[in-house]
Amino acid sequence: MLAEVGVDETGELVYRAALQRRVWSLEQLRDAVDLPAAKVDAAVRRLVEIGLLRRPHADQIRPVNPAVGFAPLLSYAEARLARRTRAVELTRAAVAEMSASFRTSPALLHDVELLDDRDAAWLCLEEIAAKATTSIQCLAAAGAVPGMGTGTDYDPAYQLAECAAARGVRVQLILLDSIVNDPRLLAGARRVRDNGVEVRTTPTLPVWTFVVDDRYVVMVIDPEDNQRGVIRVSHPGLVAATADLFGRHWLSAVPIEQQASPPPGELTRQQRQLLQLLAAGAKDESIARQFSVSARTVRRMIAELADRIGATSRFELGVQAVRLGWLDDTPEPVPGPEPFHA
């Protein structure tokens, strides 16, 4: 019954037995539970980790009041459930939108253009910079710029953004927070900001996406490989949904000039996002792609957070994060110009 809060069947038996007395020795608890001593010892260690048992002295085991001990475990489980439920609801809405478009628009294929190689993708970006008339909104997700062979050289794309801004087009660019770790990318971002491009950063982004003049959308075909090409869609429903997605990211992103280290003792925005992704069940590889770092770096970030609070497992890290209020914060909208909508 307690598996959802990280307590397996053995742990539950040991904990229920421990509740019968206020103080135990390990030997007494072993005798009270009809299980091998090694299993009892492992269960005791686990229950101590997650806060259901205490060991004030090496030879003492004390049960924690269930109302107290289970509170953070239940809060963490509820937070994970809420995030999963929200993800399902968003998926359902997206499916409904696509289904409605498919049923009501036999001409949908005429609104879609597939540009399925690197050169075609880059020519598409050049066309956007040259022909956009009012606005370009870009989610610069992990990996290389579509049409570019390397993920560490944004200069050609930065130049396109500057050209469009020089023509009077409002260009809004959201980059990943991780660009601060690459002096070249960061310098380029500051340069385009100084040349009229509005630049903000955020911990994670879903996929390279461009919303052009609120008339059509361009995004990569494969989030795992930006060089497979892009798809250009002008169907009004999909354009509106993508523009709304951009707007939500824009409101929670931080202007690049406000990039700074958090006050001592507080988490960075990336660390908070990491905890939220872990709570939602994301794998290391998925988190790494969204952060534009290696899976090894993600594991190092997790280990650093665990060491910071003395957690010995990922589950305990999640429980302690709830106790400390690290999963409670919702990003506040950043003051400044709103996304453009005609």
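Residues numbered from 1 in each chain as written. Predicted model: local features only at pLDDT ≥ 70, side-chain atom pairs only at ≥ 80, totals over all residues. Heavy atoms only, no water.

**Some words on helix α8 (residues 236-252)**
So, step 1. With 17 residues, α8 should cover 24 Å at 1.5 Å per step; its first-to-last C-alpha distance of 25 Å lies within 8% of that length.
So, step 2. Of the residues making up α8, those classed as buried are Val239, Thr242, Ala243, Phe246, Gly247, His249 and Trp250. Down the axis of α8, the smallest arc covering the buried residues is 165 degrees, so these residues share one side.
So, step 3. Check the buried side of α8 and you find it contacts β4 (135-139), β5 (170-176), β6 (198-202), β7 (209-212), β8 (216-220) and β9 (230-233). (Helix = DSSP H or I, 4+ residues; strand = E, 2+ residues; numbered from the N terminus. Expected span 1.5 Å × (residues − 1). Buried < 20%, exposed > 50% of the residue type's maximum accessible area, 1.4 Å probe, protein only. Arc of directions from axis to C-beta. Contact = heavy atoms within 4.5 Å.)

**Examining the confidence of the model for the chain**
So, step 1. Averaged over the chain, the pLDDT score is 83; the fraction of residues at 70 or greater is 88%.
So, step 2. When the criterion is pLDDT under 50, residues 103-109 qualifies, and its contacts beyond four places in sequence or with other chains add up to three contacts.
So, step 3. Confidence drops under pLDDT 50 across residues 330-338; counting only partners more than four residues distant or on other chains, this segment forms 20 contacts. (pLDDT = per-residue confidence, 0-100.)

**Focus: the packing of aromatic side chains**
So, step 1. Counting across every chain of the model gives six aromatic pairs.
So, step 2. Considering the side-chain rings of tyrosine 154 and tryptophan 208, the 5.8 Å spacing of their centres and the 70 degrees angle between planes classify their relative orientation as edge-to-face. Of this pair, tyrosine 154 sits in the loop between β4 and α6 (155-166) while tryptophan 208 sits in the loop between β6 and β7, placing them 54 residues apart in sequence.
So, step 3. Measuring from ring centre to ring centre gives 5.8 Å for phenylalanine 246 and tryptophan 250, while their planes differ by 20 degrees; the resulting arrangement is stacked. In this pair, phenylalanine 246 and tryptophan 250 are both assigned in helix α8, four residues apart and thus about one turn of the helix distant. Side by side, phenylalanine 246 and tryptophan 250 carry an identical accessibility label, which is buried.
So, step 4. An aromatic cluster of at least three residues, connected via ring pairs, comprises Tyr154, Tyr158, Trp208 and Phe210.
So, step 5. For the cation-ring pair, arginine 21 lies above tryptophan 24, with the distance from its terminal atom to the ring centre recorded as 4.6 Å.
So, step 6. Its guanidinium or amino end placed over the ring of tyrosine 216, arginine 232 lies 5.8 Å from that ring's centre, counting from NZ or CZ. (Phe/Tyr/Trp six-rings, centres within 6.5 Å; stacked < 30°, edge-to-face > 60°. Lys NZ or Arg CZ within 6 Å of the ring centre and 35° of its normal.)

**A look at the pairing of β8**
Working note: regular strand, side chains alternate between the two faces of the sheet.
So, step 1. In terms of residue burial, β8 counts as a mostly covered element, since four of its five residues are buried.
So, step 2. When β7 meets β8, the two strands line up antiparallel, connected through four bridges. Within the sheet, the bridge partner assigned to threonine 209 lies in β8 and is methionine 219.
So, step 3. The loop that links β7 with its antiparallel partner β8 comprises three residues; one of these, aspartate 213, has a positive phi angle of about 55 degrees.
So, step 4. When β8 meets β9, the two strands line up antiparallel, connected through four bridges. Each bridged residue has a counterpart across the sheet, and for valine 217 the counterpart in β9 is valine 233. (Pairing = 2+ DSSP bridges.)

**Side note on the sheet that holds β4**
So, step 1. Taken in spatial order, the eight strands make up an open sheet running β3-β9-β8-β7-β4-β5-β6-β10, and their pairing is mixed. With one partner strand each, in any of the chains shown, β3 (112-115) and β10 (254-255) form the two edges of the open sheet.
So, step 2. Direction of pairing for β4 relative to β5: parallel, over a ladder of five bridges. Each residue of the ladder has a partner; that of leucine 139, found in β5, is isoleucine 174.
So, step 3. Contacts between α6 and the sheet are confined to β4 and β5, with β5 contributing the most and set at about 155 degrees to the helix. (Axes fitted to C-alpha atoms, helices over the stretch in contact; angles between N-to-C directions.)

**So, the environment of glutamate 285**
So, step 1. Position of glutamate 285 relative to the elements: it lies in helix α10 (residues 284-291).
So, step 2. Considered as a pair, glutamate 285 and arginine 299 are 14 residues apart in the sequence and their alpha carbons are 9.7 Å apart.
So, step 3. Those residues in contact with glutamate 285 that lie beyond four places of it in its chain are Ala295 and Arg299.

**Quick notes on the packing of helix α9 (residues 269-279) against α10**
So, step 1. With their axes 11 Å apart at the nearest point, α9 and α10 run at an angle of 145 degrees to one another. Taken as a pair, α9 and α10 cross one another with a handedness that is right-handed. Where α9 approaches α10, its residues Gln270, Gln273, Leu274, Leu277 and Leu278 are matched on the opposing element by Ile287, Gln290 and Phe291.
So, step 2. Within the contact of α9 with α10, the residues separate by chemical class into five nonpolar, three polar and no charged. (Left-handed = near helix turned anticlockwise from the far one by under 90°. Nonpolar A, V, L, I, M, F, W, Y, C, P; charged D, E, K, R; others polar.)

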